[in-house]
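Letter by letter, the chains look like this.
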Amino acid sequence: MTALDADLVERVRRRLVTAGAPATPAAVAAALREEGGALRGDAELLPVLRLLQEEIAGAGPLEPFLRDPAVTDVLVNAPDEVWVDRGAGLARAAVRFPDDLAVRRLAQRLAAPTGRRLDDAQPWVDARLRDGVRLHAVLPPIAPGGTCLSLRVARTTVLSMDELVHAGSVPADGRELLLRLVASRVAFLVTGGTGTGKTTLLTALLSVADPAERLLLVEDVGELAPEHPHVVRLEARAPNLEGAGAVSLRDLVRQALRMRPDRLVVGEVRGEEVVDLLAALNTGHEGGCGTLHANSAEDVPARLEALAALAGLGREALHSQLASGLRVVVHLRRSRATGVRRVAQVCVLGREEDGLVVARPAWEWDGVAVAGTAGPGAELLDRLLSP
């Protein structure tokens, strides 16, 4: 039995659901026999059981990718178009689904245990699976080419600063600069595009924070995993099927401020919560940090301006808060040629004569040349990070 009959898999799945039994090897084997799956001995039973478990409780044909420690992203654009990123950019995988209905069923099955709805009335879902994998799926007609499935794998291995240096993500003098940044308790943001390693770097930086500090992590979907003795996590919640019960990042930032944080960390600044974060950084909450999607460090003030506008905070007020609350931006880029993620620039946020905040380059690295201080922000950065 080299391939699984779709009808047989569906019958086994229904039998397990009706019995209320988890998809353990014993339960799957019993259901398989009861549904007429004739197998000869353990040599044939064991591999089929594994395949059935992947189809019933796992990610089906995508399961091997999720178990691969090198894989960071698995993307399904169509039944015969699966892409995988193993750290060197996306590559086409030799995997295909029978049809779009099979992709749709997989997306709905993955979403079901998270309590999220995925159907014609709610044709998209964004959720975290039990094993930490982040799921995003979009159904037709929103996706006219067919069901689109995106899985981002959360790795349990936390890279240290030394390992990031060894991997070519941070040069030696950059490592010392970033360690000084954390020790100084200056508020900072880690910025970059999608897949540039923002969460990986921020996790490594939080891991070297003073063990006596209490870290309050606020995230939409939990991804930060610092190796630190005192971490408290808060995660946002989407509304239920009735549209009630939502808990936003802004709600969580406000709650975190009442929980005596030594460092307030927003996993990804993406909306109105930026106003409460900046307010906290201006009222004695030192060492705050987070990540932000941005094309460059110079674009950060404009990005924050746009996010603050969602909460009704005007441009002048935003720049006033920004000038005194947030001081440093660490920007990352990913090489298109090699896929290596690296720290490309450190900038200092400073106010100009017109009252607007700009990002002043202080340290740069192109991944090849010796890194070092450069630009108008270098001296200011050195003063900020001095003990």
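Shown above is the structure to which this text applies.
Note that the structure is a prediction, hence the values are computed from the model and not measured.

Peer 1: Quick rundown of the overall build of the protein chain? Include the residues and the values.
Peer 2: What the protein chain contains, in helices and strands, is 13 helices and 15 strands. Split into buried and exposed, the 387 residues of the protein chain put 46% on the buried side. Look at the contacts in the protein chain between residues 6 or more apart in sequence, and 51% of them connect residues 24 or more apart. Only carbon and sulfur atoms are counted for the fraction: they give 52% of the accessible area of the protein chain, which is about 18,500 Å².

Peer 1: So what about the pattern of salt bridges? Which residues, and what values?
Peer 2: Per the stated rule, a full pass over the model turns up 22 salt bridges. A salt bridge links Asp-73 to Arg-152, with the shortest nitrogen-to-oxygen separation between them at 3.0 Å. Of the two residues, Asp-73 sits in strand 1 (residues 73-78) while Arg-152 sits in strand 6 (residues 148-152), which places them 79 residues apart along the sequence. For Asp-73, a relative accessible area of 12% corresponds to the buried category. Residue Asp-262 is joined to Arg-260 by a salt bridge in which the shortest nitrogen-to-oxygen separation is 3.1 Å. According to the relative accessible area criterion, Asp-262 is buried, its value standing at 18%. The exposed category is assigned to Arg-260, whose relative accessible area is 57%. Among the ionic contacts, a cluster of salt bridges with common partners joins Arg-185, Glu-213, Arg-263 and Glu-286.

Peer 1: Provide a residue-level description of the nonpolar core, including the pertinent values.
Peer 2: The biggest cluster of nonpolar side chains holds 36 residues, and the ones touching the most others in it are Val-218, Leu-264, Val-269, Val-274, Leu-304, Leu-322 and Leu-326. With 6 residues, helix 10 (residues 273-281) is the single largest residue contributor to this core. Excluding anything up to four places from it in sequence, Val-218 contacts Leu-234, Leu-249, Leu-252, Val-253, Ala-256, Leu-264, Val-265, Val-266 and Gly-267. In terms of nonpolar packing, the next biggest core, distinct from the first, is built from 34 residues, Val-170, Val-328, Ala-362 and Leu-381 among them.

Peer 1: With reference to specific residues and values, describe the packing of helix 7 (residues 172-184) against helix 13 (residues 378-385).
Peer 2: It is the contact of helix 7 with helix 13, at a shortest axis distance of 9 Å, that shows an interaxial angle of 50 degrees. Taken together, the axes of helix 7 and helix 13 are oblique relative to one another. Within the contact between the two elements, helix 7 uses Leu-177, Arg-180, Leu-181 and Ser-184 and helix 13 uses Leu-381, Asp-382, Leu-384 and Leu-385. Across the contact of helix 7 with helix 13, the residue classes tally to 5 nonpolar, 1 polar and 2 charged.

Peer 1: Can you break down the packing of helix 10 against helix 12 (residues 315-325) residue by residue, with the values?
Peer 2: Helix 12 packs onto helix 10 with a crossing angle of 45 degrees between their chain directions and a minimal axis gap of 9 Å. Judged by the inter-axis angle, helix 10 sits oblique to helix 12. Relative to helix 12, helix 10 is oriented so that their crossing is left-handed. For the pair helix 10 and helix 12, contact is made by Leu-278, Ala-279 and Leu-281 and by Leu-318, Gln-321, Leu-322 and Gly-325, respectively. Here the contact of helix 10 with helix 12 is built from residues that sort into 5 nonpolar, 2 polar and no charged.

Peer 1: So what about the pairing of strand 12 (residues 328-334)? Which residues, and what values?
Peer 2: Among the 7 residues in strand 12, 5 count as buried, and that is most of the element. Here 4 bridges tie strand 7 (residues 188-192) to strand 12, and the two strands are oriented parallel to one another. From the neighbouring strand, Phe-188 faces strand 12, where its bridge partner is Val-328. Of the pairings in the sheet, the one linking strand 12 to strand 13 (residues 341-351) comprises 7 bridges and is antiparallel in character. Bridging across to strand 13, Val-328 finds its partner in Val-348. Count of turn residues in the strand 12/strand 13 antiparallel hairpin: 6 residues, of which Gly-339 carries a positive phi of about 80 degrees.

What counts and what doesn't
- Residues numbered from 1 in each chain as written.
- Predicted model: local features only at pLDDT ≥ 70, side-chain atom pairs only at ≥ 80, totals over all residues.
- Heavy atoms only, no water.
- Helix = DSSP H or I, 4+ residues; strand = E, 2+ residues; numbered from the N terminus.
- Buried < 20%, exposed > 50% of the residue type's maximum accessible area, 1.4 Å probe, protein only.
- Contact = heavy atoms within 4.5 Å.
- Areas by Shrake-Rupley, 256 points an atom, 1.4 Å probe, with all protein chains shown as cover.
- Salt bridge = Lys/Arg side-chain N within 4 Å of Asp/Glu carboxyl O.
- Core = buried A, V, L, I, M, F, W, Y, C linked by side-chain atoms within 4.5 Å.
- Axes fitted to C-alpha atoms, helices over the stretch in contact; angles between N-to-C directions.
- Parallel < 35°, antiparallel > 145°, perpendicular 65-115°, else oblique.
- Nonpolar A, V, L, I, M, F, W, Y, C, P; charged D, E, K, R; others polar.
- Left-handed = near helix turned anticlockwise from the far one by under 90°.
- Pairing = 2+ DSSP bridges.

By themselves, these observations are geometric and do not establish any function.
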